[in-house]
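Working through the structure, step by step
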Amino acid sequence: MIMILGIIVVLAIIIIALGIKIVPQNQVGLLETVGKYSSTKQSGLHLCLPLVQRIRVVSLALQPLRLQGYSVITKDNADINTTVTLNFHVTDAVKYMYENTDSVESMQQLVRGHLRDIIGRMDLNEALGSTTKINKELAEAIGDLTNTYGINVDRINIDELKPSSAIQEAMDTQLKADRERVAAISKAEGDAKAIELRTKANNDALIATAQAQASATKTQADAERYRIDTVQAGLASADEKYFNNQSINAFATLAQSDSNLVVVNGKEVDSLGQSVVLGKAIGKSLANEKK
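The paragraphs below set out a description of the structure included in this document.

Calculation notes
- Residues numbered from 1 in each chain as written.
- Predicted model: local features only at pLDDT ≥ 70, side-chain atom pairs only at ≥ 80, totals over all residues.
- Heavy atoms only, no water.
- Salt bridge = Lys/Arg side-chain N within 4 Å of Asp/Glu carboxyl O.
- Helix = DSSP H or I, 4+ residues; strand = E, 2+ residues; numbered from the N terminus.
- Pairing = 2+ DSSP bridges.
- Axes fitted to C-alpha atoms, helices over the stretch in contact; angles between N-to-C directions.
- Contact = heavy atoms within 4.5 Å.
- Buried < 20%, exposed > 50% of the residue type's maximum accessible area, 1.4 Å probe, protein only.
- Expected span 1.5 Å × (residues − 1).
- Parallel < 35°, antiparallel > 145°, perpendicular 65-115°, else oblique.
- Left-handed = near helix turned anticlockwise from the far one by under 90°.
- Nonpolar A, V, L, I, M, F, W, Y, C, P; charged D, E, K, R; others polar.
- Arc of directions from axis to C-beta.

The full count for this structure, using the stated rule, is ten salt bridges. R66 serves as the salt-bridge partner of D159, at 3.4 Å between the closest nitrogen and oxygen. Here R66 lies in strand 6 (residues 63-73) and D159 lies in strand 8 (residues 151-163), a separation of 93 residues in the sequence. One salt bridge connects D222 with R225, and the closest N-O pair in it is separated by 2.8 Å. Pair noted here: D222 and R225 are both in helix 6 (residues 165-237), with a separation of three residues, about one helical turn.

This is the structure in structure tokens:
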């Protein structure tokens, strides 16, 4: 009898132990009786009937989720590989567990569908440069829809928008061509500027040379004008003695030459004999004739 009681006590302890369930902090327990939801248990220690009842624990904490890369087609038929990360938490454990066979997968499909719709209305270049806009539109699009699954998406982010390899190669080729075109334009502009500067320098040099020559010519003309004015002024004040002296000098020069031609003023013919220089010139002329 004592043995039977002992066995009953042990079984009771085992049953009680099996019926004890601890729900951790920031989680809730869903009590099921014979497979049917009965009530929600908060964090703490709870008892249930083994084999008849069980408690399914659901976390309410924020959970990260990375959506594997998948293909999205843009408005201009470009293929883009997209990677999305999001953070979500369970808002209704009952909906999360019982109203959908896989609430997380349903949420992912919802995000993918709306993302395809948003990017599908954009050209490739617009999509690649509008990740912030896409994030905002996607968050607004899914909004309260995920509440159907007992889930709330707290944050969503487009990690990567990567064109297909063929499109990437085409973009790289275009980018290279654009860079080469810009470089060629820059070089041409540089050459044109250099030519312009050289031409300007040559023109400035020609102008400076012309100005210098003009200044030199003007200076020479001014000097010649001054000389003529000075000579004319001197001649205006010269008397007969000056001209007689000039005649004597001319005759002296004539005496040193081989010429036998003498030109004199008719008024001074009577005085020719008085000029020693002229006499020497006439004598030399006669000597030359005799020869």
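A sheet is described by the order of its strands in space; here three strands give the open sequence 6-7-8, paired in antiparallel fashion. The open sheet has two edge strands with one neighbour each: strand 6 and strand 8. Looking at each pair of strands side by side, their axes are set apart by 20 degrees on average, direction ignored. Across eleven bridges, the pairing between strand 7 (residues 79-90) and strand 8 is antiparallel. Bridging across to strand 8, H89 finds its partner in N152. Docked against the sheet, helix 3 (residues 103-120) engages strand 6, strand 7 and strand 8, running at close to 40 degrees with respect to strand 6.

Now for unusual backbone geometry. A positive phi angle, close to 65 degrees, is found at N26, a residue other than glycine. Here N26 is to be found in the loop between strand 1 (20-23) and strand 2 (27-33). On the basis of relative accessibility, which here comes to 39%, the residue N26 falls in the partly exposed class. Not every positive phi belongs to a glycine, and N77 is a case in point at roughly 65 degrees.

On a regular strand, each side chain points to the face opposite its neighbour's, so the side chains alternate between the two faces of the sheet. Sheet topology note: the strand 6/strand 7 ladder contains nine bridges and is antiparallel. Considered in strand 7, the bridge of Q63 is made with F88. Linking strand 6 back to strand 7 in an antiparallel pair, the connection comprises five residues, with N77 at a positive phi of about 65 degrees.

This next bit is on helix 3. For helix 3, with 18 residues, the first-to-last C-alpha span of 26 Å sits near the 26 Å given by 1.5 Å per residue. Looking at helix 3, one finds that the buried residues are S103, V104, S106, M107, Q108, L110, V111, R112, L115, I118 and I119. Considering only its buried residues, helix 3 is in contact with strand 6, strand 7, helix 2 (93-98), helix 4 (124-128), helix 5 (131-142) and strand 8.

The next subject is the sheet that holds strand 5 (residues 53-59). Pairing within the open sheet is antiparallel, and its three strands lie in the order 3-2-5. The strands lining the two open edges of the sheet, one partner per strand, are strand 3 (36-41) and strand 5. Ignoring which end each strand starts from, the neighbouring axes of this sheet average 30 degrees apart. In this sheet, strand 3 lies alongside strand 2 in antiparallel orientation, the contact comprising five bridges. Directly across from G29, in strand 3, lies its bridge partner K41.

At a minimum axis separation of 10 Å, helix 3 and helix 5 run at an interaxial angle of 130 degrees. When the axis of helix 3 is compared with that of helix 5, the two are oblique. Our pair here, helix 3 against helix 5, has a crossing hand that is right-handed. Contacts from L110, V111, H114, L115, I118 and I119 in helix 3 reach I134, E137, L138, A141 and I142 in helix 5. Here the residues of the contact of helix 3 with helix 5 are counted per class, giving nine nonpolar, one polar and one charged.

For the rest of this paragraph, the subject is helix 5. Here helix 5 contains twelve residues, and its C-alpha end-to-end distance of 16 Å stays within 8% of the 16 Å for a straight helix at 1.5 Å per residue. The complete set of buried residues in helix 5 reads I134, N135, L138 and I142. For helix 5, the arc enclosing every buried residue in end-on projection is 100 degrees, short of the 170-degree limit, so these residues lie on one face. Every exposed residue of helix 5 that faces more than 90 degrees away from the buried side is listed here: T132, K136 and E140. Buried-residue contacts for helix 5 involve helix 3, helix 4 and strand 8. Where helix 5 terminates, the next one or two residues include G143, which has phi positive at roughly 30 degrees.

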